[in-house]
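# Coordinates in review
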Amino acid sequence: MQLNLMKAFLIFVFVCAALCGRRVENSARNPALVRAPIDSIRVTEAPNGKEAVLEIFGQLPSPAYSFDHVEIVRQGNRITVIPWLNYRRDQIVIMMTVPFQHKISLPLQKNGRFAVQVEGANRTYFEDLIRKR
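Residues numbered from 1 in each chain as written. Predicted model: local features only at pLDDT ≥ 70, side-chain atom pairs only at ≥ 80, totals over all residues. Heavy atoms only, no water.

Taken across its 10 residues, strand β3 (residues 51–60) has 7 buried, putting it largely inside the fold. Where strand β2 (residues 38–45) hands over to β3, the hairpin turn is made up of 5 residues, of which G49 adopts a positive phi near 75 degrees. Where β3 lies against strand β6 (residues 98–107), 10 bridges are found, and the strand directions are antiparallel. The partner of G58 across the bridge, within β6, is F100. (Buried < 20%, exposed > 50% of the residue type's maximum accessible area, 1.4 Å probe, protein only. Helix = DSSP H or I, 4+ residues; strand = E, 2+ residues; numbered from the N terminus. Pairing = 2+ DSSP bridges.)

Following this line, the structure appears as structure tokens:
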């Protein structure tokens, strides 16, 4: 009787280990994307006058996060920017925040007033930019 219980327990452990290992492998290939938590932004016109430079400042929740890409949507004179982070579930890290700064060039095709909107995980920031050249 004890031998059968021991065999059942070992089979259970091996099945659980196999399933857990497969889950880690899948998460490494399909990383999760999340919005970046933002502390502040700064928008300045570049010296050439044909583009603006957007600087995004924030804190990564842990070293398991890395900057992935920035989604930019233009609707007339409104420019919406959404920064995305890549979260790797398979990494073992010390839980600490990691400051980041990311610069983006925003081409400006015409003169006028532009509303820049940056949508982060924790809040949305708005800033106006006036191009006179």
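Attention now goes to the packing of aromatic side chains. Inspection of the entire model under this criterion finds 2 aromatic pairs. Measuring from centroid to centroid gives 5.5 Å for F67 and F100, while their planes differ by 55 degrees, and the two rings are tilted. In this pair, F67 sits in strand β4 (residues 65–75) while F100 sits in strand β6, placing the two residues 33 residues apart along the sequence. The class for F67 is partly exposed, based on a relative accessible area of 26%. Judged by relative accessible area, which is 13%, F100 ranks as buried. (Phe/Tyr/Trp six-rings, centres within 6.5 Å; stacked < 30°, edge-to-face > 60°.)

Quick look at the nonpolar core now. I41, L54, I56, V81, L106 and V118 are the most contacted members of the largest nonpolar core, which totals 21 residues. If you list the elements that add at least two residues to this core, you get β2, β3, β5 (78–87), β6, β7 (112–119) and β8 (124–131). Per element, the largest residue contribution to this core is 4 residues, and it comes from β3. When sequence neighbours within four positions are dropped, the list of residues in contact with L106 reads E51, A52, L54, I72, R74, I79 and V81. (Core = buried A, V, L, I, M, F, W, Y, C linked by side-chain atoms within 4.5 Å. Contact = heavy atoms within 4.5 Å.)

With that settled, the discussion passes to the environment of S40. Looking at the element boundaries, S40 is found in strand β2. Exposure remark for S40: the relative accessible area of 29% places this residue in the partly exposed category. Residues S40 and Q101, 61 residues apart in the sequence, show an inter-C-alpha distance of 9.8 Å. In this structure, S40 is in contact with E55, I56, F57 and Y125, ignoring residues within four places of it in sequence.

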